[in-house]
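# Architecture at a glance
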Amino acid sequence: MSSRTLFFVTSNPGKLAEAKAILSASGVNLESKNVEITEIQGTIEEITRDKAKRAAEQIGGPVIVEDTCLCFDALKGLPGPYVKHFLKEIGTRGLTNMLAAYDDKTAQAVCTFAYCEPGSEPILFEGRTKGKVVRARGEGSFGWDPIFEYEGSTYAEMDSYQKNKISHRFKALQKLTAWLEEKHGGGSGGSGGSAPPPAAPKPVDRRNMGGHDTSSDGGSFFDGFGEEVKSRAINIAGDGMGIRKAAGREWQFDSPDGGRGKY
Ligand SMILES: O=P(O)(O)OP(=O)(O)OP(=O)(O)OC[C@H]1O[C@@H](n2cnc3c(O)ncnc32)[C@H](O)[C@@H]1O
Ligand SMILES: [Mg+2]
């Protein structure tokens, strides 16, 4: 199957690694672009649309972006798209504590991808996984994975294969690839083969979330970010991981709630 390339504009290596793994069998090849995009305030849709338009303008071509929310049902959907800032300031422990006064611990992980061409309206694809918020469990180094439980396991307790089969991101990418297939015969346009919806993502070592080899393609995790980012390798991660230093192929992180990991 020939592949097609889509530019994924994101600053978050965890998102990129998961999206690449989920799409690995679909014939869609993701190239990442780490462009600084200021995010507006608003609903999930408003934020994603605006982000997609700005990204497409900056890149000067078709792009995909995504915005991820963690919505607590007891708090009527908050922190929602602002979870990044909550995670940065109060960590996973603080997020769990926000629900201490409520019996209802249910929450929804929501991923909204947008496909956008410059000058056009973005097209949105939403994936939603329902779970509940618990005290942190698991080795996860990606965002709020340790506190989001789905059918008895937190995302952080699942291996990447399990998470990528049921996650909010997987569900959104299924819709995106189905649309690409219908619209363009797969991928972002131009010539090439078809892209069936991602059905069975390849297993990926969860340690990759922090910046290590991807077992799916054998390259460095940061390959997608290009030389500029690889060489800086400092503080590029989404708040979930502050990359402290790179030594050879080892990466060290501080997580927002004080945890540390070395991969
Ligand atoms: O450049 P972009 O793509 O916007 O990347 P970001 O890190 O700023 O991401 P968002 O604005 O979408 O904020 C979402 C927050 O949720 C975190 N996050 C995203 N997907 C996650 C997942 O599958 N599991 C756990 N945390 C996740 C992420 O690290 C952010 O803290
Ligand atoms: Mg963001």
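Reading the values: rules and limits
Residues numbered from 1 in each chain as written. Chains lettered and ligands numbered in written order. Predicted model: local features only at pLDDT ≥ 70, side-chain atom pairs only at ≥ 80, totals over all residues. Heavy atoms only, no water. Core = buried A, V, L, I, M, F, W, Y, C linked by side-chain atoms within 4.5 Å. Buried < 20%, exposed > 50% of the residue type's maximum accessible area, 1.4 Å probe, protein only. Helix = DSSP H or I, 4+ residues; strand = E, 2+ residues; numbered from the N terminus. Phe/Tyr/Trp six-rings, centres within 6.5 Å; stacked < 30°, edge-to-face > 60°. UniProt positions renumbered as here; feature names shortened; annotations may be inferred. Contact = heavy atoms within 4.5 Å. Polar contact = N/O pair within 3.5 Å; in protein donor to acceptor, adjacent residues only side chain to side chain.

### What about the nonpolar core?
Judged by nonpolar contacts, the single largest core of 19 residues is most densely connected at Leu30, Ile64, Phe113, Tyr115 and Leu176. For this core, the element with the most residues is helix H5 (residues 168-184), which contributes 6 residues. Membership of the second largest hydrophobic core comes to 17 residues, among which are Leu70, Leu95, Ile147 and Met158.

### Some details on the packing of aromatic side chains
A complete count under the given rule lists 6 aromatic pairs for this structure. Here tyrosine 115 and tryptophan 179 contribute two aromatic rings whose centre-to-centre distance is 5.1 Å and whose plane-to-plane angle is 55°, an arrangement assigned as tilted. Placement of tyrosine 115 in strand E5 (residues 106-116) and of tryptophan 179 in helix H5 is noted, with a sequence separation of 64 residues between them. Members of the aromatic cluster, each reached through a chain of ring pairs, are Tyr115, Phe125 and Trp179.

### A word on unusual backbone geometry
In this structure, the amide linkage connecting leucine 78 to the following residue, proline 79, adopts the cis form with an omega of 0°. Among the structural elements, proline 79 can be located in strand E4 (residues 79-80). Phi at lysine 76 is positive, roughly 55°, even though this residue is not glycine. By the element assignment, lysine 76 lies in the loop between strand E3 (63-72) and E4. One non-glycine residue, glutamate 151, lies in the positive phi region at around 45°. Structurally, glutamate 151 is set in the loop between strand E7 (148-150) and strand E8 (153-154). The class for glutamate 151 is exposed, based on a relative accessible area of 69%.

### Notes on the UniProt feature "binding site: Mg(2+)" (unreviewed entry) in the protein chain
Within this structure's numbering, the places UniProt gives as "binding site: Mg(2+)" (unreviewed entry) are Glu39 and Asp67. Annotated residues spanning 29 residues; largest pairwise C-alpha distance 9.7 Å, indicating a single compact cluster. You can see glutamate 39 is positioned in the loop between strand E2 (28-33) and helix H2 (44-59). Residue glutamate 39 is classed as partly exposed on the basis of its relative accessible area, which comes to 39%. The residue aspartate 67 is located in strand E3 in this model. The class of aspartate 67 is buried, set by a relative accessible area of 3%. Those residues in contact with aspartate 67 that sit more than four places away from it in its chain are Lys15, Glu39, Ile47, Thr48, Lys51, Pro81, Val110, Cys111 and Thr112. Polar contacts involving the side chain of aspartate 67 include one to the side chain of lysine 51, which spans 2.9 Å.

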